[in-house]
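Examination of the molecular architecture
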Amino acid sequence: MKKGIGNMTRVEVLFLGTTASIPTPKRNHPAIYFRYVGKHEYCMLFDCGEGTQRQIFLAKENFMKLNEIFITHWHADHYAGLLGLIETMSLEKRTSPLHVFAPEATRFLNTLLSVGYGIRKFQVVAHNVPFKGKEATKILEKEEYEIFSIPVKHGIPAVAYCFKEKDRVKIDKAKAKALGLPSQSVLYKKLKKEGRVEYKGRLVKLEDVSYIEAGKKVVYSGDTEACDNLIKLATNADLLILDCTYFEDIKERNHLNVYEAIEIASQANVKKLVLTHISRRYQDEREIERVARELAKNFDFDVIIAKDFMRIELK
């Protein structure tokens, strides 16, 4: 890896729930607490199964930092924690808007929020996410990253999500030194902004001393069968998080088994694969780890079985 001049960024992925439709004593319903640290810190949630707010408490994270929640589909194990989480935010005197992205978001979120007599002093904004077609859609853009969605195959409207950090221009220390530039200087900020700078009578162009560092990419499938859209979205991901309900060669509609998940990761050329949404039928974690690693041993990516409160960090 090239050594450059520039601020380090990181992605933190915390698995709050990793079971399938029915929870177990060890596994809660699906939810992922996602943190991006760059110029600023951004926290978001992918899916929000029953009990998610309690999992956040146990993980010693702050649910009030969440600004966006991304729901993959409207099966209860993926959204039933929303109402309680929003009510608690209100009790904690939240005032800033909360943005909820999902297929048919306005239809289901408005219905959910109409239940009971809760009083909210903040706005919950529904964002409808496309659930038909074969192309990825940019649904959110920030200064340092973008969020994309793509329809997947689950029998009901459902999507996968992609977090993509924007590519960053980095200063190559070796090239800068060869041109006589100092190792640390405010002139690099000007160079990145203006594309050129004059130093001791020499005109230095940005392309003379820089390289492009590809942004980090994380993809989360939610529930899905194998489909081309998922491979398209996951291509070259640093981290791919897949529904892997079954660790046997079960061809059941709407979900992936471990064989299909490994194949998708291989076709998409990912660096790391995490298998989650695991059926309660699998109580022996060592056995499903053995099966996954045996299947993946001939591929050039890591395979991890998700567990509640597991953290993965990308730098």
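Here goes a summary of the coordinates provided. A quick note: this is a predicted structure, and the numbers were derived from the prediction, not measured. (Residues numbered from 1 in each chain as written. Predicted model: local features only at pLDDT ≥ 70, side-chain atom pairs only at ≥ 80, totals over all residues. Heavy atoms only, no water.)

So, about the pattern of salt bridges. Under the definition given, this model contains 29 salt bridges. Between arginine 120 and glutamate 87 there is a salt bridge; the shortest N-O distance is 3.7 Å. Of this pair, arginine 120 sits in the loop between helix H4 (105–113) and strand S7 (124–128) while glutamate 87 sits in helix H3 (residues 82–91); the two residues are 33 residues apart in sequence, bridging distant segments of the chain. According to the relative accessible area criterion, glutamate 87 is partly exposed, its value standing at 23%. Linking glutamate 146 and lysine 138 is a salt bridge whose minimum nitrogen-to-oxygen distance equals 2.9 Å. In this structure glutamate 146 comes out as buried when scored by relative accessible area, which is 13%. Within this structure, Arg10, Glu12, Arg35, Glu41, Glu61, Lys65, Arg311, Glu313 and Lys315 form a network of salt bridges that share partners. (Salt bridge = Lys/Arg side-chain N within 4 Å of Asp/Glu carboxyl O. Helix = DSSP H or I, 4+ residues; strand = E, 2+ residues; numbered from the N terminus. Buried < 20%, exposed > 50% of the residue type's maximum accessible area, 1.4 Å probe, protein only.)

Looking now at the sheet that holds strand S17 (residues 272–276). Sheets are built from strands that pair by backbone hydrogen bonding, the pairs being arranged parallel or antiparallel. Spatial ordering of the open sheet is given by S8-S9-S10-S15-S16-S17-S18, a layout of 7 strands whose pairing is mixed. Pairing within the sheet leaves two strands with one partner each, and these edge strands are strand S8 (137–141) and strand S18 (302–305). Sheet twist, expressed as the average angle between the axes of neighbouring strands with direction ignored, equals 20°. Bridging between strand S9 (residues 145–151) and strand S10 (residues 159–165) involves 7 bridges; their strand directions are antiparallel. By the bridge assignment for S10, phenylalanine 148 is matched with cysteine 162. (Pairing = 2+ DSSP bridges. Axes fitted to C-alpha atoms, helices over the stretch in contact; angles between N-to-C directions.)

Along the chain, lysine 271 falls in the loop between helix H8 (258–268) and S17. C-alpha of lysine 271 to C-alpha of asparagine 236: the two residues are 35 residues apart in sequence and 7.3 Å apart in space. Excluding residues that lie within four positions of it along the chain, lysine 271 makes contacts with Ala237, Asp238, Phe301 and Asp302. Polar side-chain contacts of lysine 271 include one of 3.0 Å to the side chain of aspartate 238. (Contact = heavy atoms within 4.5 Å. Polar contact = N/O pair within 3.5 Å; in protein donor to acceptor, adjacent residues only side chain to side chain.)

This model, assessed by the stated rule, comprises 0 disulfides. Considering cysteine sulfurs only, cysteine 227 is the nearest to cysteine 244, which forms no disulfide, with 15 Å between them. (Disulfide = S-S within 2.5 Å.)

Once that is clear, we can look at the side chain of asparagine 28. Tracing the backbone shows asparagine 28 in the loop between strand S2 (10–17) and strand S3 (31–37). A polar side-chain atom of asparagine 28 sits 2.8 Å from the main-chain carbonyl oxygen of glutamate 50. Sequence-distant contacts of asparagine 28, that is, excluding residues within four places in its chain, are made with Leu16, Gly17, Thr18, Thr19, Glu50, Gly51, Thr52, Gln55 and Asp308.

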